[in-house]
Every structure is written in structure tokens, then in C-alpha cells.
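# A structural walkthrough
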Amino acid sequence: MLFRKMLPCLILVAIGLITMPSSLQAQCSAVADPGFETLALGSFPAVVAPTFSAGFWGAENGAVVTSGACTGVVPHTGNRMLQMGPSGNNTETWQAVPVVPYTVSTLAVSGWFNSCNGITPRGIVIVRTFNSDSGWPNWTSLNQISLVLDNTASTWEQISLECVEVPVDTKWILIDVNFRTETLEDQTGYVDDVVLVCGCEPVLNESKSWGALKALFH
Ligand SMILES: [Ca+2]
């Protein structure tokens, strides 16, 4: 009987726990030059070659370009965009973002991707977290998402890693925007307007919410 009387309260508490915006105060530093407008590209290894260095993008095989670099592709916003050519299995561009003195428990990353000459490359967004002062040696979490782009140079497509939970001892975030090289067909891919949000609120879909609720009453 007691349990039955308490059940509505328990459900309310459970819903509160699941939806509590506990991470909204968390922050991180801003991405430097998120639209590739102001800085020269750094070297790819310089971003992470111990120790991590913040404040610039490092590309494996990249260039900051303006309109006309490839027929039909113009920057998503502003005057410049990142162009990446083939390199290894994935042609990658990195930026390391320091978390200290903040703390972070959730984050989301997105970037706008495009291509030209009718190819349909796979664009990828990866975010790794690290918990040492220098960044090295090992990441503590890795989340990624990819999308096969359309074959139309006039359309930019956003690849979004939705809000994910990361270890609360995170000191560095490594953003990695890249293309699967074989899908570039020896051509180039484009990225613009990379956004990092720290302290987002994870989105629970209905089935996950009810699953979490039911688990509390087992
Ligand atoms: Ca496109």
C-alpha cells in the first residue's frame, strides 16, 4: 500500500533526475577561428605533439581558400573555408580546446561540409577528450558521427554530433573534422563554421526515458 501511495512521488523524482539540467553551468574555451576566416592553418602534428597547443587549426593536407577554389563551392559564411585534400585513410584537421579552468561533463560538436565536381564524400566529425595537463597520452572518450554528402556544390550539409556525456575530469577536447580519403576520389572536400558547445543537455528520446524510468522500479 505504502509503495502504491508513494509511486506518483517516486515517478516525479525520477523524471526530475532524468531531466535535471545539472551540466548547464559547465563550460569550455571557444573554438579559435571556427569559420577559418582569420588564422593561417598550423601544422597537423603541432596541435597535439606533446604538449597540446590551443588556438589554431592544424591540417594534414589542407588550405584556407576563398570562393572559386572548386566550381560552385562558396564559403558557408564569411569569405573563407577549409579545403582538404586526400591524406592516408582519413584526411584530418584538428584543433585542441582547453577545458581548464572550467569543467565539462557534456558537449556537442558540429561542422558544415561540402564538396564539388559531383563526388559524394563521407564527412566525419570526431571529438576526443583527454584528462592530463599535456593532453597526452591517451584519450578518455571518443565520439563520432559521419554523413555521406550530396553531390551538389551549392548545398552545405551540417554534420552534428548531438550532446554527449564526457568524463568530468576532462582537461582537453580535441576536435577532428575529416573526410574518408577514398570517398574524395582524389579531389577536395570543404568544411566551414565548426561549433563546439560545452554544457549542453543530453537529449533523451521517449523510449530511453521510459526505459530509465522502468529500470528504477525493478
Ligand atoms: Ca553539397
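Reading guide: rules and limits
- Residues numbered from 1 in each chain as written.
- Predicted model: local features only at pLDDT ≥ 70, side-chain atom pairs only at ≥ 80, totals over all residues.
- Helix = DSSP H or I, 4+ residues; strand = E, 2+ residues; numbered from the N terminus.
- Buried ≥ 20, exposed ≤ 12 C-beta atoms within 10 Å, placed from the backbone.
- Contact = placed C-beta atoms within 7 Å.
- Pairing = 2+ DSSP bridges.
- Axes fitted to C-alpha atoms, helices over the stretch in contact; angles between N-to-C directions.
- pLDDT = per-residue confidence, 0-100.

## Description of the overall build of the protein chain
Counting its secondary structure elements, the protein chain contains four helices and 11 strands. Expressed as a percentage of its 218 residues, the buried residues of the protein chain come to 34%. The long-range share in the protein chain, meaning contacts at least 24 apart out of those at least 6 apart in sequence, stands at 78%.

## Side note on the sheet that holds strand S1 (residues 42-43)
Across the sheet, which stays open at both edges, the six strands sit in the order S1-S2-S5-S10-S7-S8 with mixed pairing between neighbours. Pairing within the sheet leaves two strands with one partner each, and these edge strands are S1 and strand S8 (141-148). Here strand S7 (residues 122-130) runs beside strand S10 (residues 172-180); their pairing, made up of eight bridges, is antiparallel. By the bridge assignment, Gly 123 is partnered in S10 with Phe 179.

## Focus: the sheet that holds strand S4 (residues 81-84)
One open sheet accounts for five strands, arranged S3-S4-S11-S6-S9; its pairing is antiparallel. Only two strands of the sheet have a single partner each, and these edge strands are strand S3 (62-65) and strand S9 (157-165). Each neighbouring strand pair of the sheet contributes to a mean axis angle of 30°, computed without reference to strand direction. By the bridge criterion, eight bridges tie strand S6 (residues 106-115) to strand S11 (residues 189-198) in an arrangement that is antiparallel. Looking at S11, one finds that Ser 110 is bridged to Val 195.

## Focus: the confidence of the model for the protein chain
Mean pLDDT over the protein chain stands at 88; residues scoring 70 or higher make up 81%. Under a pLDDT of 50 for its full length, residues 9-24 has, in the predicted model, 12 contacts with residues more than four places off or in other chains.

## Considerations on unusual backbone geometry
Pro 50 connects to Thr 51 through a cis peptide bond whose omega is -5°. Backbone torsion omega between Val 100 and Pro 101 reads 15°, so that peptide bond is classified as cis. Mapped onto the fold, Pro 101 is located in the loop between strand S5 (90-98) and S6. Residues other than glycine seldom take positive phi values, yet Asp 33 does so here, at roughly 50°. Checked against the element boundaries, Asp 33 lands in the loop between helix H1 (2-19) and S1. The backbone of Phe 36 shows a phi angle near 60°, a positive value even though the residue is not glycine. Exposure remark for Phe 36: the 27 C-beta atoms within 10 Å place this residue in the buried category.

## Some details on the pairing of S4
Side-chain alternation along S4 places Met 81 and Gln 83 on one buried face and Leu 82 and Met 84 on a second face that is also buried. Across four bridges, the pairing between S3 and S4 is antiparallel. Following the sheet pairing, Val 65 is matched in S4 by Met 81. The pairing of S4 with S11 spans three bridges and is antiparallel. Looking at S11, one finds that Gln 83 is bridged to Tyr 190.

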